[in-house]
Amino acid sequence: MSGLRARLDLPGRLVGEVNAAPGELVAVVGPNGAGKTTLVEAVAGTLPERHSCLVVVDDEDWSALPPQRRHAGLVFQEHLLFPHLDARANVAFGPRSRGASRREAVAGADRWLERLGVADRANSRPHELSGGQSQRVALARALATDPRVLLLDEPFSSLDIAVAASLRDVLGVHLRQFTGVTLMVTHDALDVRALADRVVVLQDGTVVQDGTPEAIAEAPATPHAARLLGLNVLSGIATGTEVALTTGGALVLATPATGPVLATFAPSAVTLTADEPVGSARNRWPVTVHRAVERDGVVRVHLHARAGTDADLYADVTRGAAAELALTQGRELWASVKATEVTAWEAAAATDR
Amino acid sequence: MFLVLPLVALVASAPWGRMGAIVTAPDAREALWLSLWTSSVAAALCLVLGLPLAWLLARADFPGRQLLRALVTVPLVLPPVVAGVALLSAFGRRGIVGEPLRAAFGTQIPYTTAAVVLAHTFVALPFFVLSLEGALRSTPERLERVAASLGADRWTTFRRVTVPLAAPGLAAGLVLAWARSLGEFGATITFAGNYPGTTRTMPLAVYTALQQDRDTAIALSLVLLALCVAVLLALRERWWNVR
């Protein structure tokens, strides 16, 4: 089987199996201490106990290999660039270590810096770079070694929201051409929504769930996954307090925004009614119930908008409300959200210069 | 006050009129040259012996590491005369290394310039190792792991990441070792003797001169003082530039 197969047996730290197909981006989510970084280290081979972890990549057994013989590219929350080398030498370090000539390595480094939009900073030392630029160089450095597994450990979490958004776009473009497996540890719903093909949910050192973002949003196994994946995310172009959605229709905001945005609101902010609401909620759509899953007294309802926009929505309602609304598949309802519950994240307008 | 007063007194009592003549006298020039090059060779030996040792102490995890560190520190607290006697017991005519060495090759170490270098290296090595170990410890190990993930083996990582990052500590260690060698007296006179031209370094020349001509001793001491101050200033400037 090509792709990644990792079986971890580190009781108390991480137990379970993680698989990924070539070209797939798997988001790894879980609260602090759940074992996310342990998973990354196990695949990279930097764990002292690497022998108790089976890691197979593209049919090659990495379990006994030291980190330098595994073809894994790492990017951390802190860029961890070599402070004594300029950006170009940082990116050239990997190819040089793997036997490329100086000239090849430098030429390759320049190409990667160019692709990640930081060619003009090639001669800068890390302390002269902004946070976003450093992380672009770190990505270039990881990609320049032509890794078969890309390991991203919260790569955007130390950046401003706007800078993170532009870097997320850049990463998305490169991952479309990347044929290896990407594991991305994240705490950010937008990362999952924008990039992930699949999600692995960790809790207390165990892999508790594995599935598409949609499947996990419908029936999250942990409260953490519920908060992270259950978020409703709609994209569009904002003009003042109105967002023209990419799925059609419009969304009203309380706070004005400009340009491309991601608008988010919690499933608990969605009100379901049998008839068209007449209250103060500015955003309302006729919806069809696709699925309803109960967990800990809360019913998460997966809805599809029938008119106004062509979007999927999630709503959380109590068991009592669910019974009152007679929630069954295909039931037609109205969903409404107050504009004050919607947060708009300005995305591509962001720049880290 | 207590620290500065003797130095002020030294400068004040200098025979400024005869300085030029004393310092350029053949004996003085010989001693100065001998001191400079034996100290430099000793510093180089410290680099060769001390670099792997410091790395072991800072990075490797093995039983007996604490013991090794204690052993490295011993020459630091050992009276230099005792160091000289110890070196004699090892490399002397009847020493455990010296005797077979003489039998096999006819070489004799004590009372030669080689003995000066050995004595210097022995007392200066701990300064270098401890200073470098500190620098190695303060360079983040995570950067070394990043280097490994980029395909660098241990040696490449050491050469291209660990050592460059520890460079200021390495330079400081070399200077400390060099300065300690330059001032070395007890171990040298015990192990290498006090022969003009071969083992009479500057401190020995000062001591010798003090017994006959106080002015010469003061003048030579001033040369040593000036040398130390010059090195400190030069390095200071470089360290400031790095920051």
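Residue numbers run consecutively from 1 along every chain, following the written order of its sequence. Chains and ligands are labelled by the order in which they are written, letters from A for the one and numbers from 1 for the other. pLDDT decides what is reported in this predicted model: residues at 70 or higher carry local features, side-chain atom pairs at 80 or more are listed and counted, and totals for whole chains, interfaces and linings draw on all residues regardless.

## Examining the pairing of strand β17 (residues 332–337) of chain A
Residues and elements named next belong to chain A. In this sheet, β17 lies alongside strand β13 (residues 271–273) in antiparallel orientation, the contact comprising three bridges. Looking at the pairing, Leu272 lines up with Ala335 of β17. Here, strands pair whenever DSSP counts at least two bridges between them. In DSSP terms, a helix is any run of H or I states spanning at least four residues, a strand is any run of E spanning at least two, and both are numbered starting from the N terminus. Summarising the sheet, strand β14 (residues 283–295) and β17 pair through six bridges and their orientation is antiparallel. Among the inter-strand pairings, Arg284 is bridged to a residue of β17, identified as Ser336.

## What about the environment of B:Thr107?
All names here are of chain B. Position of Thr107 among the secondary structure elements: in the loop between α6 (98–105) and α7 (113–138). Between the C-alpha atom of Thr107 and that of Arg93, which follows or precedes it by 14 residues, the distance is 9.7 Å. Note that contacts rest on C-beta atoms placed from the backbone: two residues are in contact if these are within 7 Å. What Thr107 contacts, discounting residues up to four positions off in sequence, is Leu101 and Arg102.

## Considering the pairing of strand β12 (residues 250–265) of chain A
Residue and element names in this part refer to chain A. Strand direction decides the pairing type here: strand β11 (residues 232–245) and β12, joined by twelve bridges, are antiparallel. Along β12, the bridge assignment pairs Val233 with Thr264. Between β11 and β12, which follow one another and run antiparallel, lie four residues, and Gly248 among them has a positive phi close to 95°.

## Observations concerning the interface of chain B and chain A
Counting from both sides, the interface comprises 14 residues of chain B and, opposite them, 14 residues of chain A. Elements with a minimum of two residues in the side of chain B that touches chain A: α8 (141–149) and α9 (154–165) of chain B. Sorting elements by how many residues they give to the side of chain B that touches chain A places α8(B) first, with six residues. Each residue gets one label: Ala, Val, Leu, Ile, Met, Phe, Trp, Tyr, Cys and Pro are nonpolar, Asp, Glu, Lys and Arg are charged, and the others, such as Gly, are polar. Residue composition of the side of chain B that touches chain A, grouped by class: eight nonpolar, three polar and three charged.

## Some points on helix α10 (residues 167–183) of chain B
Compared with the 24 Å implied by 1.5 Å per residue over 17 residues, the 24 Å span of α10(B) between its first and last C-alpha is a close match. Counts of 20 or more other C-beta atoms within 10 Å of a residue's own C-beta define buried residues, counts of 12 or fewer define exposed ones, and intermediate counts define partly exposed ones; C-beta atoms are placed from the backbone. All of the buried residues in α10(B) are B:Gly169, B:Leu170, B:Gly173, B:Leu174, B:Ala177, B:Trp178, B:Arg180, B:Ser181 and B:Leu182. Expected helix span is given by 1.5 Å per residue-to-residue step, counting one fewer step than there are residues.

## What about the sheet that holds β14(A)?
Strand pairing in a sheet relies on backbone hydrogen bonds. The paired strands run either parallel or antiparallel. All names here are of chain A. Taken in spatial order, the five strands of this open sheet run β13-β17-β14-β15-β16, and their pairing is antiparallel. What marks the edges here is a single partner per strand, and that holds for β13 and β16 (312–318). Put simply, the sheet's adjacent strands are angled 45° from each other on average, direction ignored. Angles here are taken between N-to-C directions and fall from 0 to 180 degrees, while the axes themselves are lines fitted to C-alpha atoms, restricted in helices to the stretch in contact.

## Considering the domain arrangement of chain A
All names here are of chain A. For the domain bounds, the source is a domain assignment made automatically or taken from a database. Looking at the assigned domains, one finds that chain A contains domain 1 (4–229) and domain 2 (232–346). Relative placement of domain 1 and domain 2: their C-alpha centres are 33 Å apart. The interface of domain 1 with domain 2 comprises nine residues on the first partner and ten residues on the second. For the side of domain 1 that touches domain 2, the secondary-structure elements that each account for two or more residues are α5 (161–177), α6 (189–195) and α7 (213–218). Across the side of domain 1 that touches domain 2, the residue classes break down as seven nonpolar, no polar and two charged.

## Quick look at the packing of helix α3 (residues 26–59) of chain B against α10(B)
Residues and elements named next belong to chain B. Direction vectors running N to C along α3 and α10 enclose 140°, while the axes themselves pass 8 Å from each other. When the axis of α3 is compared with that of α10, the two are oblique. Between α3 and α10 the crossing geometry is right-handed. Contacts from Ser35, Thr38, Ser39, Ser40, Ala42, Ala43, Cys46 and Leu47 of α3 reach α10 at Leu174, Ala177, Trp178, Ser181 and Leu182. Here the contact of α3 with α10 is composed, by residue class, of eight nonpolar, five polar and no charged. An angle below 35 degrees is read as roughly parallel, one above 145 as roughly antiparallel, one from 65 to 115 as roughly perpendicular, and any other as oblique. Put simply, a crossing is left-handed when the front helix is turned counterclockwise from the back one by less than a right angle, and right-handed when it is turned clockwise.

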